[in-house]
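Tertiary structure, described
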Amino acid sequence: MTKSIRNRVDLEGCEGTRCKPTSEKPNLDGDWFNFYLLIILYIIQGIPVGLSGALPIILQSKKMVTYEDQAAFSISLWPYSMKLLWAPVVDALYVKCIGRRKCWIIPLQLLMGLLVLYMASNIDDWLPESGKPNLKMLIIVVFVVNILSATQDIVVDGWALTMLDKKNVGYASTCNSVGVPFGMFIGSVCFTLLVSDQFNTTYFQATPGAGGLISMKSFLYFYGTMTLVITSIVAIFKKEKDSRLEDGYVNINVFQNYKLLWDILKLPRIRVLALALLTTRIGYTATDSVSNLKLIDAGVSKDDIMIITTALYIIKCIMPIFVSKYITGPKPMSYFLKITPFRLIWCTTYVVLIYYTPSLIRKDGLVTVPTYYYFIMGLVLITNEVLNFFMLLTLFAFFCRLSDPRFGGTYMTLFNTFFYLGFLLSNTLVLKLVAFLTFRKCSNNDQNSCTTTDLNNLCKTNGGSCVVSVDGYYIVVFISLIIGFVWYGVFKNIIKKYQSLNASHWMINIKRPVTAVESCLIPT
């Protein structure tokens, strides 16, 4: 997730003990409470992201929404790609008597907890077992929760650097990489399976129609209540270190932060790289965003998809151990570029799988999924996710190599913003295109296009049903793959050249703050 916008000033050449790096070895003795607290805060942050991914799956499985509706709901994830707009404000403004991070995290998490409780009290009306959901309220509430969660991300990333002892700061990334994915797992896989009537019936021999192991209301009430409890504990018992004790760092005000971003954007290579990042995911967006929804339309259970997703989370946890030697080298993007055409080609396996799924799992009008189908589906999904995750690791390693070490947090935030903004924008566009390019007709009247509610009702009245005559999914996948190969042809050599450039080509020239230099000259 995004690093804090707080920036380190290069103090090379300074003398005095206050400028020397610590040589102490990491040791969490006396720091375990802070370590586990950071993991809990990151878990709180990850759950809304998971919920934002689970709700579209649940909506699709209930046959309640169109792809146009799914496109509208996808907007609820946009705050995570837009937080750069307000990150400088969060980092620069604070109430000193409360604490630089506490004064933000307490109201943010209190609002988040209360909003989730409000969602819990209304979820049965907004997302009923049958009938049309109140999509407008779901989008609004989830969007606001994600704004709070995205802002909490900025705060926790910043606090992680000072909550732990200086010798243990390296563990901050561990807290992030453990807490956020675990929170996403709880919010997506656990939420979907625990509230599923089919999962409860299949694996726990419950009576059909008895509901899930827990209700959506209970899950949300528990999450909202725990968020409020943990926030209260932090507010009462956790003291924050004085920000003035953060050696080697200077505070940059709001105006300076925005000016810094503008100076970075003025670098010619940054602008070209931004265009590449905004468009790099277009080739895969159709398969990544729509394929699971199409599998559900074809009759595959959302629970089966989520069980396979569990395996994907396990793979993500152990995969960095085996690929670290590739991503830590001097040219990580070489592997990214080698895999790109293979991943684009692999997208066609989704098309084949979805096309043949109805004939493979339906027999005499009933859904009967054979065992071999689960292996095929698992192979397609897991291979795609392994390729995707490896490419992400190489891309983030590339970001680290390009970032000016004086302002690493700002650079990383900027690169991540371009990358995720490109994915989320193309995600929304793809869902809209699938809806726009899908055509239906009445099964017993070819002249009835089923384009309106009245025409749908007329078809049903005459004993027919509206069936898909042209599936926009296949058209959009084809268009996406063409764009993906064009992207590869345009940016392949540019990216190769960029990763070979000296780090000085990515740095900006700014005047050092006098206070930082002077602090190094003060005798100790």
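For clarity, every value in this text was computed on a predicted model and none was experimentally measured. (Residues numbered from 1 in each chain as written. Predicted model: local features only at pLDDT ≥ 70, side-chain atom pairs only at ≥ 80, totals over all residues. Heavy atoms only, no water.)

For the rest of this paragraph, the subject is empty space enclosed by the protein. Inspection of the entire model under this criterion finds 4 cavities of 30 Å³ or more. Around the largest cavity sit Pro48, Leu51, Ser52, Leu55, Val116, Met119, Val141, Val142, Val145, Asn146 and Tyr223, which together line it. Sorting the residues of the lining of the largest cavity by element identifies α1 (32–61), α5 (102–126) and α6 (135–163) as the ones contributing at least two each. Each residue belonging to the lining of the largest cavity can be placed in one class, and the counts come to 9 nonpolar, 2 polar and no charged. Within this model, the second largest cavity holds a volume of roughly 60 Å³. Considering the residues around the second largest cavity, the lining is formed by Thr280, Arg281, Tyr284, Phe336, Arg343, Asn388, Met391, Leu392, Leu395 and Phe419. Counting only elements with at least two residues in the lining of the second largest cavity, the list comes to α14 (333–361) and α15 (371–402). It is α15 that provides the largest number of residues to the lining of the second largest cavity, a total of 4 residues. Counted by class, the lining of the second largest cavity contains 6 nonpolar, 2 polar and 2 charged residues. (1 Å grid on protein atoms, 1.4 Å probe; cavity = no way out; pocket = protein on both sides within 12 Å on 5 of 7 lines; lining within 4 Å. Points joined across faces, edges and corners; volume = space filled by probe spheres on them. Helix = DSSP H or I, 4+ residues; strand = E, 2+ residues; numbered from the N terminus. Nonpolar A, V, L, I, M, F, W, Y, C, P; charged D, E, K, R; others polar.)

With that settled, the discussion passes to helix α2 (residues 67–74). The periodicity of an α-helix, 3.6 residues per turn, causes residues three or four places apart in sequence to face the same way. The buried fraction of α2 amounts to 6 of the 8 residues, a majority that puts the element mostly inside the structure. Within α2, burial applies to Tyr67, Asp69, Gln70, Ala71, Phe73 and Ser74. (Buried < 20%, exposed > 50% of the residue type's maximum accessible area, 1.4 Å probe, protein only.)

Attention now moves to the side chain of Asn34. Tracing the backbone shows Asn34 in helix α1. At 2.5 Å, the side chain of Asn34 and the side chain of Lys238 are in polar contact. Each residue touching Asn34, except ones within four places of it in the same chain, is listed here: Met163, Leu164 and Lys238. (Polar contact = N/O pair within 3.5 Å; in protein donor to acceptor, adjacent residues only side chain to side chain. Contact = heavy atoms within 4.5 Å.)

Space inside the second largest pocket adds up to approximately 1,400 Å³. Around the second largest pocket sit 35 residues that line it, and Val65, Thr66, Arg440, Cys466 and Val468 are the ones nearest its centre. Counting residues per element, the ones that place at least two in the lining of the second largest pocket are α2, α12 (282–298), α14, α16 (408–436), β5 (439–442), α17 (453–461) and β6 (466–470). With 4 residues, α17 is the largest single contributor of residues to the lining of the second largest pocket. Partitioning the lining of the second largest pocket into residue classes produces 15 nonpolar, 11 polar and 9 charged.

A separate point is the nonpolar core. Nonpolar side chains in soluble globular proteins tend to be buried together. Grouped together as the largest cluster of nonpolar side chains are 76 residues, with contacts concentrated most on Leu273, Leu295, Met377, Phe399 and Phe415. Looking at this core, the element that brings in the most residues is α15, giving 15 residues. Filtering out sequence-adjacent residues up to four positions away, Phe415 remains in contact with Ile270, Leu273, Leu277, Phe399, Leu402 and Ser403. Among the nonpolar cores identified, the runner-up in size contains 56 residues, and Leu38, Leu135, Ile154 and Ile230 belong to it. (Core = buried A, V, L, I, M, F, W, Y, C linked by side-chain atoms within 4.5 Å.)

It is possible for side chains bearing opposite charge to pair when their charged atoms get close. For the structure on display, the rule yields 14 salt bridges. One salt bridge in this structure joins Lys132 and Asp69, with 3.3 Å as the shortest N-O distance. On the criterion of sequence distance, the pair formed by Lys132 in the loop between α5 and α6 and Asp69 in helix α2 is long-range, its members being 63 residues apart. For Lys132, a relative accessible area of 57% gives the class exposed. (Salt bridge = Lys/Arg side-chain N within 4 Å of Asp/Glu carboxyl O.)

On to the state of the cysteines, then. For the structure on display, the rule yields 2 disulfides. Two residues share a disulfide in this structure: Cys442 and Cys459, whose sulfurs sit 2.0 Å from each other. In this structure the cystine formed by Cys442 and Cys459 twists about its S-S bond by roughly 85°; its chirality is therefore right-handed. With Cys442 in strand β5 and Cys459 in helix α17, the pair connects residues that are 17 residues apart, well separated along the chain. For the residue pair Cys442 and Cys459, the accessibility class agrees, reading buried in each case. Between Cys450 and Cys466 runs a disulfide, and the two sulfur atoms are separated by 2.1 Å. Taking the sign of the S-S torsion, about -85° here, the bridge from Cys450 to Cys466 comes out left-handed. Residue Cys450 is located in the loop between β5 and α17, and its partner Cys466 is located in strand β6; the two are separated by 16 residues in the primary sequence. Numbered in order of appearance, the disulfide-bonded cysteines of the chain are paired 1-3, 2-4. (Disulfide = S-S within 2.5 Å.)

Here α1 crosses α2 at 165°, and the two axes come no closer than 11 Å. The angle between the axes of α1 and α2 places the two elements in the roughly antiparallel class. Between α1 and α2 lies a crossing whose hand is right-handed. In contact with Ser52, Leu55, Pro56, Leu59 and Gln60 of α1, α2 contributes Tyr67, Gln70 and Phe73. Among the residues forming the contact of α1 with α2, the class breakdown is 5 nonpolar, 3 polar and no charged. (Axes fitted to C-alpha atoms, helices over the stretch in contact; angles between N-to-C directions. Parallel < 35°, antiparallel > 145°, perpendicular 65-115°, else oblique. Left-handed = near helix turned anticlockwise from the far one by under 90°.)

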